[in-house]
Amino acid sequence: MSALLLDGRAAADAILAQLKPKVAKRNPVLAIVQVGDDPASSSYVKQKLNSCAQIGMLSEHRHLPADASEDDLRRTVEELNANDAITGFIVQLPLPGHLAHFESWVRDAILPEKDIDGFGAWNTGRMLRSKEDEIMPPATPAGIVALLEHYKIPLAGKHVVIVGRSATVGKPLAVMLLHRDATVTVCHSKTLNLHTFTTQADILVVAVGKPKMITAEMVKNGAVVVDVGINRIGEKLVGDTDFDGIRSIASAITPVPGGVGPMTVAALIANCVRAKELQQGEL
Ligand code: GUN
């Protein structure tokens, strides 16, 4: 068996095409704050801006120098919060080392109705209550759910094992999958005998940041494998799973690149459209 490739680029294009008429009608504007020139961040920012352009959505790139101060960043966030011309915005993470302690402040400083990353306490907390309260869900978990839905992979009653418990992916994804009636196990760096969990997964999601940490022996025959990892090895991008080894065991698998990455971008843009609808009293 060779696994079905879960093509995130094609699924993201389909979502973006659906958003296009809403963008034309409501004219949302997305802004991205980037501090410094981390090459990975620059590449993600470019992908986000390109996807906005693809559907005629206006965007702004607020690029601060690598030595920007706390005050510079604070002023930028406060200006974007107050700026009626901006529908939603994100601060691209990670911040440079001297501002790393400021990330938590940044996550909560963005107004909830403009928090299109869904990282702030308001959106995260509300999301815990129910599926209906997932108004601006965090982009990567939302993109994963949308990818599984695009390929009509059922979630109800399935055992989903998530490896990784980050605030950005693992934890919120667990909540979103519970809302869709999956049985969810979350594993992490202190989990003992990891393979005893991963081999039980109908759907295995890996978001750790370690190349090839999930090998073929750790995957059940016929499982669906979602690889959230993006690791740079020289010029090459690889995920957290041994893609070539797992391909003959899994029933479906995401490639890296071209799997979850484009879906995260589509989910972010969907959140910006939703933000505009919210602000116009449509939701
Ligand atoms: N860095 C890596 N992923 C993300 C994301 O989804 N949002 C932001 N703001 N920064 C990131």
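Look above for the structure.
Note that the structure is a prediction, hence the values are computed from the model and not measured.

Undergrad: Looking at this structure, how should I read the pattern of salt bridges?
TA: Should their charged atoms come close, side chains of opposite charge can pair. Overall, the coordinates contain 12 salt bridges when judged by the stated rule. Notably, a salt bridge pairs D71 with R74, separated by 3.8 Å at the nearest N-O pair. Separated by 3 residues within a single helix, D71 and R74 lie in helix 3 (residues 70-82), roughly one turn from each other. Ionic pairing is found between R180 and E149, a salt bridge with its closest N-O pair at 3.6 Å. Of this pair, R180 sits in the loop between helix 7 (170-179) and strand 6 (183-187) while E149 sits in helix 6 (residues 139-150), and the two are 31 residues apart along the sequence. In this structure R180 comes out as buried when scored by relative accessible area, which is 13%. The exposure class assigned to E149 is partly exposed, which follows from its relative accessible area of 44%. One network of salt bridges, in which partners are shared, links K22, R26, E277 and E282.

Undergrad: Help me out: how do you make sense of the packing of helix 1 (residues 8-26) against helix 6 in this one?
TA: Two quantities define a packed helix pair, namely the angle between the axes and the distance from one axis to the other. It is the contact of helix 1 with helix 6, at a shortest axis distance of 10 Å, that shows an interaxial angle of 95°. On the basis of the axis angle, helix 1 is roughly perpendicular to helix 6. Contact residues: G8, A11, A14 and I15 in helix 1; A146, L147 and H150 in helix 6.

Definitions and cut-offs
Residues numbered from 1 in each chain as written. Predicted model: local features only at pLDDT ≥ 70, side-chain atom pairs only at ≥ 80, totals over all residues. Heavy atoms only, no water. Salt bridge = Lys/Arg side-chain N within 4 Å of Asp/Glu carboxyl O. Helix = DSSP H or I, 4+ residues; strand = E, 2+ residues; numbered from the N terminus. Buried < 20%, exposed > 50% of the residue type's maximum accessible area, 1.4 Å probe, protein only. Axes fitted to C-alpha atoms, helices over the stretch in contact; angles between N-to-C directions. Parallel < 35°, antiparallel > 145°, perpendicular 65-115°, else oblique. Contact = heavy atoms within 4.5 Å.

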